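# Remarks on the overall topology
So you can see what is in the structure, the chains are spelled out below.
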Amino acid sequence: MTITDVTSSLTAPTEFLDYESDAVQTFIDDVIDDRSADRRENAVKLYYAVRDTVHYEVYGADLSREGLKASRTATAKSGFCLHKSALFAAAVRALGIPSKLVYGDVRNHLASPRLIEHIGGDVFFHGLTQIHLDGRWVKATPVFNKVLCKLYGMQALEFDGRTDSLYHPHGSGAPMEFLKDHGAFDDLPYEFVMASMRTAHPRFLDGAGTGTVSGGSLALEADVPAASSPTPNS
């Protein structure tokens, strides 16, 4: 099987990367003027749209099968890494750009003491996107929006479509630390994702186990002392 065969199979809609939905199509139309324009330029535009127009929030997030679909995130305009990476993967596929979802365990700076308590430590199960541009795969992390990064003393993570966008710069100079790579997937592996969340962060899930705990706001918790110490990412 050629690389063309492999990548072409990764432009199709899936259960979670449901870009044929009205919600995802509208999200794209609000960002892209010309879908036939340079792929890399359009991918970069979509990256920043997902990063900055979809509010990053870890509390009260829907982790049901419906809640993790790209169409739901495009409508809700809120979510964390699991939601935002799926939306970006779906949006670029709609433009004929192959994509995968990548998962790993990371340590990072953007978290409050309250969130750390729910997480159960400073390591978080994390999701990002891998896309195929100009003959090679590059990783992109359209997760923490610019305003939230400013609140936590971090620089927003940029993406140029040519190099991996992975290591979040921090005011102290310490980047995001990747501890374990769980691999790349053609669609959101729901059972694996939920099993990983239940194992790694049982106190972070709500009573039904299909969402995260509510009653918090990561933005409002940004001024809590110790929020700048090495903490988990999502």
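Let me begin by describing the structure that accompanies this report. As the structure is a computational prediction, the values presented were derived from the model and not from experiment.

### Quick word on the overall build of the chain
- Along its length, the chain carries eight helices and six strands.
- When the helices and strands of the chain are placed in sequence order, the string is α-α-α-β-α-β-α-β-α-β-β-α-β-α.
- Pairs at least 24 residues apart make up 73% of the contacts formed inside the chain by residues separated by at least 6 positions.
- Approximately 9700 Å² of the chain is accessible, and the part contributed by carbon and sulfur atoms is 51%.

### Some remarks on the nonpolar core
- Counting 65 residues, the largest nonpolar core has Phe80 and Leu82 as its most contacted members.
- Examining the composition of this core, we find that nine residues originate from one element, helix 5 (residues 81–94), more than from any other.

### Details of helix 5
- In this model, helix 5 (14 residues) spans 20 Å end to end at C-alpha, consistent with the 20 Å of a helix rising 1.5 Å per residue.
- Positive phi appears at Gly96, one or two residues downstream of helix 5, with a value of about 85°.

### Some points on the environment of Asp186
- Inspection of the secondary structure assignment puts Asp186 in the loop between strand 6 (177–185) and helix 8 (190–200).
- Residue classification places Asp186 among the partly exposed residues on the basis of a relative accessible area of 45%.
- Asp186 sits 86 residues away from Lys100 along the chain, and the two C-alpha atoms are 5.0 Å apart.
- Asp186 has contacts with Leu10, Thr14, Leu17, Arg93 and Lys100, leaving out every residue within four places of it along the chain.

### Overview of the packing of aromatic side chains
- What the rule picks out here adds up to 13 aromatic pairs.
- Centre to centre, the rings of Tyr47 and Tyr48 are 5.1 Å apart; their planes meet at 90°, and the pair counts as edge-to-face.
- Overall, Tyr48 belongs to the partly exposed group, its relative accessible area being 24%.
- For the pair Tyr47 and Phe159, a centre-to-centre distance of 5.0 Å together with 40° between the ring planes defines the contact as tilted. Of this pair, Tyr47 sits in helix 3 (residues 39–53) while Phe159 sits in the loop between helix 7 (146–151) and strand 6, and the two are 112 residues apart along the sequence. An identical accessibility class is assigned to Tyr47 and Phe159; each is buried.
- Members of the aromatic cluster, connected to one another through ring pairs, are Tyr47, Tyr48, Phe88 and Phe159.
- In this structure, Lys100 is placed above the aromatic ring of Trp137, and the distance from its NZ or CZ to the ring centre is 5.3 Å.
- Sitting over the face of the ring of Tyr59, Arg114 holds its NZ or CZ atom 4.6 Å from the ring centroid.

Cut-offs applied
- Residues numbered from 1 in each chain as written.
- Predicted model: local features only at pLDDT ≥ 70, side-chain atom pairs only at ≥ 80, totals over all residues.
- Heavy atoms only, no water.
- Helix = DSSP H or I, 4+ residues; strand = E, 2+ residues; numbered from the N terminus.
- Contact = heavy atoms within 4.5 Å.
- Areas by Shrake-Rupley, 256 points an atom, 1.4 Å probe, with all protein chains shown as cover.
- Core = buried A, V, L, I, M, F, W, Y, C linked by side-chain atoms within 4.5 Å.
- Buried < 20%, exposed > 50% of the residue type's maximum accessible area, 1.4 Å probe, protein only.
- Expected span 1.5 Å × (residues − 1).
- Phe/Tyr/Trp six-rings, centres within 6.5 Å; stacked < 30°, edge-to-face > 60°.
- Lys NZ or Arg CZ within 6 Å of the ring centre and 35° of its normal.

Read these as geometric descriptors, not functional statements.
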